[in-house]
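Now for the letters of each chain:
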Amino acid sequence: MYKNIWAGWSRLAVRAGACLTAVSLLAAGGTRISYGADSSVIETLSITFKTEFGEQEEIPVPEITVKAGDCTKGDVQYRTDYDNWKPGKKVRVEITVNANEGKVFPTTLNRSKCKVTGADFVSAKALDDTTFQVKADYVPVTVLGDTSKAGWTGSRKRATWKAVDYAPGYSLVLYGNNKVIKRLTVEGATSLDMTEYMDDMDKTYYYEVKAIPVTKEQKKYLKEGMFVTSSDQEFDWEDWDRTSSSSGSGSTGTGGPGAGDGGAIKGNNYIMPDGRKETNTWKKIDNRWYYFDQNGNMARGWQNIGGFWYFMNNDGIMQSGWINPDGSSWFYLKPGGDMCTGWIQPNPGEWYYLNPWGYMERDWILVGDKWYYMDQSGRMQTGWVWVRDKWYYLYSDGSMAANTEIDGRRLGADGAEIK
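Residues numbered from 1 in each chain as written. Predicted model: local features only at pLDDT ≥ 70, side-chain atom pairs only at ≥ 80, totals over all residues. Heavy atoms only, no water.

1. Points about the sheet that holds strand 6 (residues 91–99)
So, step 1. Here 4 strands make up an open sheet; going across it, the order is 5-6-9-8 and the pairing antiparallel. Every interior strand has two partners, whereas the edge strands, strand 5 (71–78) and strand 8 (120–128), have only one. Here the average twist between neighbouring strands, direction ignored, is 25°.
So, step 2. Both strand 5 and strand 6 contribute to a ladder of 6 bridges, which runs antiparallel. Across the sheet, residue Lys73 finds its bridge partner in strand 6, namely Val97. (Pairing = 2+ DSSP bridges. Helix = DSSP H or I, 4+ residues; strand = E, 2+ residues; numbered from the N terminus. Axes fitted to C-alpha atoms, helices over the stretch in contact; angles between N-to-C directions.)

2. Focus on the pattern of salt bridges
So, step 1. According to the stated counting rule, one finds 11 salt bridges in the structure shown.
So, step 2. Close ionic contact of Asp363 with Arg388 constitutes a salt bridge, the shortest N to O distance being 3.0 Å. Here Arg388 lies in the loop between strand 31 (383–387) and strand 32 (390–394) and Asp363 lies in strand 29 (residues 363–367), a separation of 25 residues in the sequence.
So, step 3. Between Arg409 and Glu417 there is a salt bridge, with the nearest N and O atoms lying 3.2 Å from each other. (Salt bridge = Lys/Arg side-chain N within 4 Å of Asp/Glu carboxyl O.)

3. Observations concerning unusual backbone geometry
So, step 1. Positive phi, close to 70°, is recorded for Tyr166, a residue that is not glycine.
So, step 2. Judged by relative accessible area, which is 40%, Tyr166 ranks as partly exposed.
So, step 3. Phi is positive for Asp363, which is not a glycine, with a value near 70°. (Buried < 20%, exposed > 50% of the residue type's maximum accessible area, 1.4 Å probe, protein only.)

4. Some points on the nonpolar core
So, step 1. With 50 residues, the main nonpolar core has Leu45, Phe49, Trp161, Leu172, Met194 and Tyr207 as its most contacted residues.
So, step 2. Looking at this core, the element that brings in the most residues is strand 6, giving 5 residues.
So, step 3. Ignoring any residue separated from it by four or fewer positions in sequence, one finds Met194 in contact with Trp152, Lys157, Ala159, Leu172, Leu174 and Leu184. (Core = buried A, V, L, I, M, F, W, Y, C linked by side-chain atoms within 4.5 Å. Contact = heavy atoms within 4.5 Å.)

5. Here we look at the packing of aromatic side chains
So, step 1. The tally for this structure, following the rule as stated, stands at 27 aromatic pairs.
So, step 2. Their ring planes at 85° and their centres at 6.4 Å tell us that Trp322 and Trp330 sit as a pair that is edge-to-face.
So, step 3. Ring centres of Trp343 and Tyr372 lie 5.0 Å apart, and the angle between their planes is 70°; this geometry places the pair in the edge-to-face category. With Trp343 in strand 27 (residues 342–347) and Tyr372 in strand 30 (residues 370–374), this pair connects stretches of sequence that are 29 residues apart. (Phe/Tyr/Trp six-rings, centres within 6.5 Å; stacked < 30°, edge-to-face > 60°.)

6. Digging into the environment of Glu208
So, step 1. By secondary structure assignment, the location of Glu208 is in strand 16 (residues 205–212).
So, step 2. Glu208 sits 20 residues away from Val228 along the chain, and the two C-alpha atoms are 5.3 Å apart.
So, step 3. Within the structure, the side chain of Glu208 is placed 3.1 Å from the side chain of Tyr175, a separation counted as a polar contact. (Polar contact = N/O pair within 3.5 Å; in protein donor to acceptor, adjacent residues only side chain to side chain.)

7. A closer look at the environment of Asp369
So, step 1. Within the secondary structure, Asp369 is located in the loop between strand 29 and strand 30.
So, step 2. Taking relative accessible area as the criterion, Asp369 reaches 69% and is therefore assigned exposed.
So, step 3. Between the alpha carbons of Asp369 and Ser399 there is a distance of 9.6 Å; along the sequence they are 30 residues apart.

8. Concerning the side chain of Thr190
So, step 1. Tracing the backbone through its elements, the reader meets Thr190 in the loop between strand 14 (179–187) and strand 15 (191–193).
So, step 2. You can call Thr190 buried: its relative accessible area is 19%.
So, step 3. Residues in contact with Thr190, not counting those within four places in the same chain, are Ala159, Thr160, Trp161, Ala163, Tyr170 and Asn280.

Below, the structure is given as structure tokens:
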């Protein structure tokens, strides 16, 4: 009876936030019994998520333990079905903790009192006096799988491999006659132009490719896969002449050969004589470049291919030079079709600046620690310019002069002439 009375007093003290050191109760017959209130309240919890990377492509369920001498772990509920778990995508976990006899929980515990390791603390609160619920966000992990196919396409100098589930990037090692030629990392693509590294027709080339995490954060929940070796690539003079003459100066220069591969555009696809649709490949047809995506469909609009941006018009034809797709912003594409950023000089003496997203800049721009002025056509200006009722002077490299005197005219810290 005394224990029941004491538990009630303890709960009232906790809910009221009182700091009790002892409660004295009179027993039948006048005997006084004392209980320490602080000893009945569970003040700290420690919950650990332990995960070990398993087999490739396996997403293991973590082992969850509760460390506290006065309570035990109860039910564990995952708010996302296991079949929908994805590496790196948080899963909400609800853990029930049961107090031992004679113990009670406070209303809540903050993250300093409820320590969660291996997952992110969300909340910790009592469901009743002896039942507590801790919520945490767990990030599933996995070992990346291996690509099922690694070979060559297009001009036979473009490495192409099958995507690996959840892989943010790939590590490639190119070999020539069994010696390492180049090590590369590819993000967000499953093909790479190797033209600049394959410059000896007498060598037999192949590459190894494996799926890898790229960023520090990705390495917390992903482990790299295993290297897969591609098919060999050998050349004869006919191959070499064709790929060299079609390569051009841009990234798409090693797209698919034109006449001679037996295929043709049929509807929105490029179909080979055996009925197979070509995928993830460039095709040069009537001196125009087209790209067919992972589904074999002719690409249109902006496309990121091999880490470079390209623009195909409504007919699927790759564009080059100045383009203004929606009539509001200009972009400049190299002869090979890949989009430019930074400073460009399309013609002698004409400089333009394209921001990191490829948009042509106008008006004042800050590049590094220097100011430049671009007119409404985007061309960089030099000499004296009149901007919003003020005179400025731009050196021959386009940078703005400031805190100086030029042609007998004083310029302030903001570059404007001081009158």
